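Remarks on the overall topology
Okay, here's what each chain looks like letter by letter:
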Amino acid sequence: MKPAPFTYFAPRSLDEALSLLGQYGPDAKPLAGGQSLVPLMNFRLAKPRYLIDLNRIPELAYIRRDDGRLAIGAMTRQFEAERSDEVARHAPLLREALRLVGHPTIRHRGTVGGSIAHADPAAELPAAAVALGAEFVVRGPRGTRTVPAGEFFLGPFSTVLAPDELLVEVRIPAVPPGTGHAFLELSRRHGDFAIVGVAALVGLGPDGRIERAALTLGGAGPTPVRARQAEAALLGAPPTEDLFREAGELAAREISPTSDIHASADYRRRVAAVLVRRALAVATELAKKGG
Ligand code: FAD
């Protein structure tokens, strides 16, 4: 199929892109890597009248340390982030998540910001961003605002972004040294969207007990789900297989997956319990080795 007719703009600066969005807002869509938007347009599930291509705005593509945080420009290709030493050093959980996004050809075009703005509930990067306590920098005609990842996603393919706003940067706070990580998922075939995905961070105290834990699940509800009850059960406890199993069962009860052609809600809950248990074991082993 071919997309519905649209007018194409290729702004050369962020200000120009924002001014076009301000002019055409509700009828316009920003185009990043096009890996989700273009298929939607070809199936005529999205029919923007104006397409604002962000690919000629170099100021939106970068990875740098900024005040102890990792700052990733929205137009950074997923592949660039996956290969980045800064990401490997400061947010290895994000690198694990990136490796699971589709196939290499998709990651060469797909962008970090595009995946987050698209807000697919099964996508890896939103789940990793929530677990990492990331913040998203948003710009629009009313100025710049910073939104915690946990407050950004409103539902499937829905975020707090207004039609005239752009996601411009992803900020990831420094992860305390010695934190172990894991991103595990189940998908039918390599490169498919996950049936369920789990992002886990674990930090151990000097007595070997768990002193930090973050657990976020994708494919488990309308947005990435933070498994708060499972996290609470982990804190202060010695890391054992039994504890990880209990956390998995708690997480499975906290999520609200739906049934679709890929899996039933009940199956997703069972997979979540197993993946949480395994992800906690992997993250804990890394934490024991110093992260
Ligand atoms: P686009 O497709 O260009 O845009 C997506 C949406 O976000 C559009 O609505 C666009 O207007 C909006 N947008 C983009 N950038 C911004 C911005 N800076 N500010 C505001 N709005 C913006 N993804 C996964 O997570 N996991 C997978 O396993 C996976 N498998 C895939 C398999 C295939 C075969 C394909 C084709 C895609 C797959 N994807 C997967 C999707 C891929 O990760 C996309 O790259 C991503 O979802 C969208 O990023 P993009 O840069 O291509 O954005």
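Here we summarise the structure given alongside this text. (Residues numbered from 1 in each chain as written. Predicted model: local features only at pLDDT ≥ 70, side-chain atom pairs only at ≥ 80, totals over all residues. Heavy atoms only, no water.)

**Considering the overall build of the chain**
Note the threshold: The secondary structure listing takes helices from DSSP runs of H or I that are at least 4 residues long and strands from runs of E that are at least 2 residues long, numbered from the N terminus. Should any heavy atoms of two residues lie within 4.5 Å, those residues are counted as being in contact. Exposure was quantified through the Shrake-Rupley algorithm and a 1.4 Å probe, taking into account, for residues, occlusion by the shown protein chains and nothing else.
Within the chain, the regular secondary structure consists of twelve helices and 14 strands. Across its three principal axes, the chain shows a C-alpha extent of roughly 60 × 45 × 35 Å. Intrachain contacts of the chain at a sequence separation of at least 6 include 61% that bridge at least 24 residues. Carbon together with sulfur atoms contributes 52% to the accessible area of the chain, which is approximately 13,400 Å² in total.

**Quick word on the nonpolar core**
Quick reminder of the rule: Nonpolar cores were defined as sets of buried Ala, Val, Leu, Ile, Met, Phe, Trp, Tyr and Cys residues, with membership established by side-chain atoms within 4.5 Å. Exposure categories follow from relative accessible area, calculated using a 1.4 Å probe and restricted to protein chains: below 20% of the type maximum is buried, above 50% is exposed, and the middle band is partly exposed. Each domain's extent was defined by an automatic or database domain assignment.
Core analysis: the biggest nonpolar cluster contains 35 residues, and Ile72, Leu94, Ile116, Leu125, Phe136, Val170 and Ile172 have the highest contact counts within it. At the level of elements, strand S5 (69-73), helix H5 (92-99), helix H7 (112-118), helix H8 (124-131), strand S6 (135-140), helix H9 (149-152), strand S10 (166-172) and strand S12 (196-204) are the ones that each hand at least two residues to this core. If you tally residues by element for this core, the top one is H8, at six residues. Looking at which domains feed residues into this core, each of domain 2 (58-172) and domain 3 (179-288) gives three or more. With sequence-adjacent residues up to four places away left out, Leu125 is seen in contact with Gln78, Leu94, Ala97, Leu98, Val101, Val112, Ser115 and Ile116. Counting 32 residues, the second-largest nonpolar core is a separate cluster that includes Leu217, Ala263, Ala279 and Ala283.

**Focus: the pattern of salt bridges**
So the rule is basically this: One speaks of a salt bridge when a side-chain nitrogen belonging to Lys or Arg is within 4 Å of a carboxyl oxygen belonging to Asp or Glu.
Under the definition given, this model contains 18 salt bridges. Arg49 is the salt-bridge partner of Asp27, the closest N and O atoms lying 3.8 Å from each other. Note that Asp27 is positioned in the loop between helix H1 (14-24) and strand S2 (28-31) and Arg49 in the loop between helix H2 (37-42) and strand S3 (50-53), a separation of 22 residues in sequence. Judged by its relative accessible area of 36%, Asp27 is partly exposed. Two residues, Arg212 and Glu211, come together in a salt bridge whose shortest N-O distance is 3.2 Å. Overall, the relative accessible area of 23% leaves Arg212 in the partly exposed class. Taking relative accessible area as the criterion, Glu211 reaches 44% and is therefore assigned partly exposed.

**Some remarks on the environment of Tyr24**
Test applied: Here a polar contact means two N or O atoms within 3.5 Å. Within protein one must be a hydrogen donor candidate and the other an acceptor candidate, and residues neighboring in sequence count only if both atoms are side-chain atoms.
Inspection of the secondary structure assignment puts Tyr24 in helix H1. When the C-alpha atoms of Tyr24 and Thr258 are compared, they prove to be 35 Å apart, with 234 residues separating the residues in sequence. Setting aside anything within four residues of it in sequence, one finds Tyr24 in contact with Phe9 and Tyr50. Among the polar contacts listed, one links the side chain of Tyr24 to the side chain of Gln23, at a separation of 3.4 Å.

**Quick look at the site of the ligand**
Inclusion rule: To be near a molecule or strand, a residue needs just one of its heavy atoms within 4 Å of it. Only Asp, Glu, Lys and Arg are considered charged in this grouping, and only Ala, Val, Leu, Ile, Met, Phe, Trp, Tyr, Cys and Pro are considered nonpolar; every other residue, Gly among them, is considered polar.
Surveying the vicinity of the ligand reveals 30 residues, the closest of which are Pro30, Gly34, Leu37, Thr111 and Glu124. In the environment of the ligand, an oxygen atom lies 2.8 Å from a nitrogen or oxygen atom belonging to the backbone of Ala32. Between an oxygen atom of the ligand and a main-chain N or O atom of Asp192, the distance comes to 3.5 Å. Alone, the ligand offers 970 Å² of accessible surface; in the complex the protein occludes 88% of this. Those elements that provide at least two residues to the shell around the ligand are S2, H7 and S10. Of all the elements, H7 adds the most residues to the shell around the ligand, at four residues. Considering only residue class, the shell around the ligand consists of 15 nonpolar, twelve polar and three charged.

**Concerning the sheet that holds S5**
In a beta sheet, neighbouring strands are held together by backbone hydrogen bonds and run either parallel or antiparallel to one another. Applied cut-off: In this analysis, strands are considered paired if DSSP registers two or more bridges between them. A fitted line through C-alpha atoms serves as each axis, taken over the contacting stretch for helices, and the angle formed by two N-to-C directions is quoted from 0 to 180°.
With antiparallel pairing, five strands are arranged side by side in an open sheet as S4-S5-S10-S6-S7. At either end of the open sheet lies a strand with only one pairing partner, and these are strand S4 (63-66) and strand S7 (143-148). Direction aside, the axes of adjacent strands within the sheet are offset by 25° on average. In terms of strand pairing, S6 meets S10 through five bridges, oriented antiparallel. Note that in S10 the partner of Arg139 across the bridge is Leu166.

**Overview of the sheet that holds S2**
Read across the open sheet, the three strands follow the order S1-S3-S2; overall the sheet is parallel. Lying at the two open borders of the sheet, with one neighbouring strand each, are strand S1 (7-9) and S2. Each strand of the sheet is rotated relative to its neighbour by a mean of 25°, with strand direction disregarded. Where S1 meets S3, three bridges bridge the pair, whose relative direction is parallel. Bridge assignment links Thr7 to a residue of S3, and that residue is Tyr50.

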